[in-house]
Amino acid sequence: MVSAELPFSGVRTDIPSPARGYGWMLGGKDNYEADRQFVRQMLKNLPEALDAARENRLFLYRVVRHLAAEAGIRQFIDMGCGLPTDNNVHQVAQRFAPDSRVVYVDIDPIVLAHGRALLADDDSTTVIRADIRQVEEILDHPETKRLIDFDEPVAVLFLSVGHMLPDKDDPRRILQTVIDRIAPGGYIAFTQATSDDPAHRALMNSQLSAYGLTWQTRSPQEVQALLAGLEPVAPGLVDVNDWRPDPDQPPLPPRPRRAEALRRRLQAQQGRLRVRRPAAQARLITGPWQAHGGAGRAKARRRHRRLAERTRWMRFTAPDGRTSPEGG
Ligand SMILES: C[S@@+](CC[C@H](N)C(=O)[O-])C[C@H]1O[C@@H](n2cnc3c(N)ncnc32)[C@H](O)[C@@H]1O
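Residues numbered from 1 in each chain as written. Predicted model: local features only at pLDDT ≥ 70, side-chain atom pairs only at ≥ 80, totals over all residues.

Bringing the site of the ligand into the picture now. Ala-19, Gly-80, Gly-82, Ile-107 and Leu-159 are the nearest of the 21 residues found near the ligand. Of all elements in the fold, only helix H1 (18–25), helix H3 (48–70) and strand E3 (101–106) reach the threshold of two or more residues within the shell around the ligand. (Near = placed C-beta within 6 Å. Helix = DSSP H or I, 4+ residues; strand = E, 2+ residues; numbered from the N terminus.)

Encoded structure:
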């Protein structure tokens, strides 16, 4: 099922789309020369972006598998879902929990067009064209209400999208709105480009802004602050590669040859440069982080206490930061 909330402005193929460019890096076929040109241009300054995109997508598989197969989640909202490719959220979730339901959300009209084709006959999955910054509209959208029961745990994914929500868009408010809505036992999974090096962050921000992207690379500490109050799921906020790596997980489609050749050449050059100028690598870091709290906090605590009896590893983090192993 598909719904268009924002006015459908048509699909331009002559100007780059971040969703199509990202899809190309994952090995997707639904892209145009403007998208490929945009990615090649970006890789000249940020050759690590190719690996980062692909590693993020491999993380997506692992985290959705964990949520469906181990955490018992049956409802997913995928914020900034991107173009469909292999192993999309509903496919991974339904492989491990066939009754899973998924709401896909993206601002790019091309995503809606492709989602429409992929999901036409699937009643357990929908795609909404909407802006994450208007998160209340997403949570209150009729399609969201059709598929998501907010009295039951929900996983909300913000994968490789945090850097597209700069501080001026108040991402903490967006996350808090979601946290307040989802029931105890829900999860937020979050990845975004990070760097420890302020100069590298500034360079990435200016380069990607010059390509027309709204972008903010953050330090790990800044991401930590964005996710304050959530309970990290081990091993917590780490590089995506380090979150429960699985060498046997299904591989992605092959890297696009022209992008890969460019990456190899530029990273070899950078390697030589690094001898003189240590260069920070951009990283994508992640949770998932478990959400507690929000509306009906007393009810939430009672629910949580019941859940905690079943799953002793869970801890309740009170709004003031107190932590209790019993959830009270
Ligand atoms: C890099 S892709 C990530 C795709 C997918 N989440 C993944 O991890 O593979 C980022 C997506 O976020 C979408 N996006 C960026 N800003 C957005 C916003 N404000 N509202 C909704 N979608 C947004 C872009 O259109 C793009 O498809």
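Attention shifts here to the confidence of the model for the protein. Averaged over every residue, the pLDDT of the protein is 81; the share at 70 or more is 80%. Across residues 1–8, confidence stays below pLDDT 50; counting only partners more than four residues off in sequence or on other chains, it has 24 contacts. (pLDDT = per-residue confidence, 0-100. Contact = placed C-beta atoms within 7 Å.)

Here we come to the nonpolar core. Core analysis: the largest hydrophobic core is formed by 81 residues, its most contacted members being Val-105, Val-156 and Ile-188. In terms of residue count, H3 provides more of this core than any other element does, twelve residues in total. Setting aside chain neighbours within four positions, we find Val-156 in contact with Ile-77, Met-79, Val-178, Ile-182 and Ile-188. (Core = buried A, V, L, I, M, F, W, Y, C linked by C-beta atoms within 7 Å. Buried ≥ 20, exposed ≤ 12 C-beta atoms within 10 Å, placed from the backbone.)

What follows concerns the pairing of strand E6 (residues 186–190). In terms of burial, E6 is a largely internal element, five of the five residues being buried. Burial along E6 is two-sided: Gly-186, Ile-188 and Phe-190 and Tyr-187 and Ala-189, pointing in opposite directions, are all buried. Both strand E5 (residues 155–158) and E6 contribute to a ladder of four bridges, which runs parallel. Each bridged residue has a counterpart across the sheet, and for Ala-155 the counterpart in E6 is Tyr-187. Following the chain from E5 across helix H8 (residues 171–181) to the adjacent parallel E6, one finds a crossover that is right-handed. (Pairing = 2+ DSSP bridges. Right-handed = clockwise from strand over helix to strand, strands pointing away.)

Turning our attention to the packing of H1 against helix H2 (residues 33–45). Running from N to C, H1 and H2 cross one another at 70°; their axes reach a closest spacing of 9 Å. It follows that H1 is roughly perpendicular to H2 by the angle criterion. Contacts between H1 and H2 involve Arg-20, Gly-21, Trp-24 and Met-25 on the former and, on the latter, Asp-35, Arg-36, Phe-38 and Val-39. Its residues placed into classes, the contact of H1 with H2 shows four nonpolar, one polar and three charged. (Axes fitted to C-alpha atoms, helices over the stretch in contact; angles between N-to-C directions. Parallel < 35°, antiparallel > 145°, perpendicular 65-115°, else oblique. Nonpolar A, V, L, I, M, F, W, Y, C, P; charged D, E, K, R; others polar.)

Right, let's talk about unusual backbone geometry for a bit. Peptide bonds are, in most cases, trans, and in most cases residues other than glycine have a negative phi. Cis geometry is found at the peptide bond from Ala-234 to Pro-235, where omega equals 5°. By the secondary structure assignment, Pro-235 is in the loop between strand E8 (231–232) and strand E9 (238–239). One non-glycine residue with positive phi stands out, namely Asp-170, at about 55°. Of note, Asp-170 is situated in the loop between E5 and H8. A positive phi angle is found at Arg-244, which is not glycine, with a value near 50°. By secondary structure assignment, the location of Arg-244 is in the loop between E9 and helix H11 (257–274). The class of Arg-244 is partly exposed, set by 14 C-beta atoms lying within 10 Å.

The next subject is helix H4 (residues 89–96). Within H4, the full set of buried residues consists of Val-89, His-90, Val-92, Ala-93 and Gln-94. Of the surrounding secondary structure, the elements contacted by the buried residues of H4 are H3, strand E2 (75–79), E3, strand E4 (125–129) and E5.

Here E5 shows two buried faces, one formed by Ala-155 and Leu-157 and the other by Val-156 and Phe-158. Pairing analysis gives four bridges linking E2 to E5, with the strands arranged parallel. Each residue of the ladder has a partner; that of Met-79, found in E5, is Phe-158.

A few words on the environment of Pro-166. The residue Pro-166 is located in the loop between E5 and H8 in this model. Given 16 C-beta atoms within a 10 Å radius, Pro-166 is considered partly exposed. Separated by 49 residues in the primary sequence, Pro-166 and Trp-215 have C-alpha atoms spaced 6.2 Å apart. Once residues lying within four places of it in the same chain are set aside, the contact partners of Pro-166 are Thr-214 and Gln-216.

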